[in-house]
Every structure is written in structure tokens, then in C-alpha cells.
Amino acid sequence: GQARQWQPSPETVYPPHDNSREVEQVAQLVGAVNVGGARQVLGQLVLLAQNGEMPPLAFAAAMSKLSSELCAAYPNIAGKTLRDLAIVWRWPNIFQYYLSLCAELERLCEHLKQAYEGENRRKISQAVRYVREHYLSDLDMGDVSRHVTMNYTQFSHLFKQYTGQNFLEYLK
């Protein structure tokens, strides 16, 4: 097979590098459907590895850990491609690997975004039903947001987005 330019060289001495914080950050950014932020952090890791500031084996271990974490967190969405991305040496160079990983993260984020939108829509519908059922009660937005297990600020924003009115306007 073709020699991989970016595989580890036994004679190269690399500075120590712990990248667990960056891996955790990428996983959190994906969970928040922030693919741009995830790409940025991954790009920084790629540059460290490309410039020799991170050992190739450390980069490979980080990407394997990221792949494993994302597959575990999203087993119904993560596909074979994300599992394949756990082994960085399958790509001819680090930039092709980076592009493949970013494309897979974009796909994953799009699925998450659709899932979150569906869940948000369901929760706002549940809130509207709750308001209708308890209309004669003393309702406040905090009680309703807690009833549907949503953050107050997020609930306020989504309630207006989905109903076209803010909570107080809706009650009138």
C-alpha cells in the first residue's frame, strides 16, 4: 500500500499534549448543533498535529475517542462513516481526514437539529394544551416552562416562534 505521510515517525520527539478538553469541547459543540464551532476546534487540533506540536498518535487517539463518544451519545444517528473515522490512518493525509470528519459532523448535526426541532415543537404543543386546560388558573410562564421541562428563556423564545405570540399575548 501507499505510505501515509502523516503517520508517526519513531525518531520524532513531540511535546506532551493532552487533548481531552478539546475532544470534550467538540462533542459538546456537536450536541449543541454548533458544527462551525466543532470545525474550528478540530481545525486547531489538525494544525497542531500538522505542525508537529501534537504527536500523530495523540491526534489519532483523540479522534478515536471523539468518534467513540459521538457513537455512544447518538447511537441511532451515528453511522458507519463516523465509526470509520475512529481510525485516522485510513485517509491519505490529515486534511482529507479533516474534511471527511467535518462532513460527517455536519450530517450528524443536521439530524440532531431535526430531532431537537421535533422535540421543541412537541413541548410547545404540550404547553399550549396545558394552558388551555388550566386557562382559568393563575398561570405564569415559569410554571408552564417547568411543566414541559424547558429552560424559561428557551421556552419564551420557542413559544413565540411556534405560536406567533409571546406568552402573555397568548393568554389574553
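Summarised in this report is the structure supplied together with it. (Residues numbered from 1 in each chain as written. Predicted model: local features only at pLDDT ≥ 70, side-chain atom pairs only at ≥ 80, totals over all residues. Heavy atoms only, no water.)

This brings us to the nonpolar core. Where a protein is soluble and globular, its nonpolar side chains tend to be buried together. In terms of nonpolar packing, the biggest core is built from 36 residues, with Val30, Leu42, Phe59, Met63 and Leu70 touching the most fellow members. Looking at this core, the elements with two or more residues in it are α1 (20-31), α2 (35-50), α3 (56-73) and α5 (94-133). Per element, the largest residue contribution to this core is nine residues, and it comes from α5. Those residues in contact with valine 30, other than ones at most four positions away along the chain, are Ala38, Leu70, Tyr74, Leu105, Leu108, Cys109 and Leu112. One finds Tyr130, Val148, Phe167 and Leu171 within the second-largest nonpolar core, a separate group that totals 16 residues. (Core = buried A, V, L, I, M, F, W, Y, C linked by side-chain atoms within 4.5 Å. Buried < 20%, exposed > 50% of the residue type's maximum accessible area, 1.4 Å probe, protein only. Helix = DSSP H or I, 4+ residues; strand = E, 2+ residues; numbered from the N terminus. Contact = heavy atoms within 4.5 Å.)

Counted under the stated rule, the structure contains six aromatic pairs. Measuring from ring centre to ring centre gives 6.0 Å for phenylalanine 59 and tyrosine 97, while their planes differ by 80 degrees; the resulting arrangement is edge-to-face. One end of the pair, phenylalanine 59, is in helix α3; the other, tyrosine 97, is in helix α5, and 38 residues separate them in sequence. The same class applies to phenylalanine 59 as to tyrosine 97, namely buried. Summarising the aromatic geometry, the rings of phenylalanine 159 and phenylalanine 167 are spaced 5.5 Å apart at their centres and angled 65 degrees between planes, so their arrangement reads as edge-to-face. We classify phenylalanine 159 as buried; its relative accessible area is 0%. Exposure remark for phenylalanine 167: the relative accessible area of 4% places this residue in the buried category. Chaining the aromatic ring pairs together yields one cluster made of Phe155, Phe159, Phe167 and Tyr170. (Phe/Tyr/Trp six-rings, centres within 6.5 Å; stacked < 30°, edge-to-face > 60°.)

This paragraph deals with unusual backbone geometry. Phi is positive for valine 33, close to 55 degrees, though the residue is something other than glycine. A positive phi angle is found at threonine 149, which is not glycine, with a value near 50 degrees. One can find threonine 149 in the loop between α6 (141-147) and α7 (152-163). Residue threonine 149 is classed as exposed on the basis of its relative accessible area of 60%.

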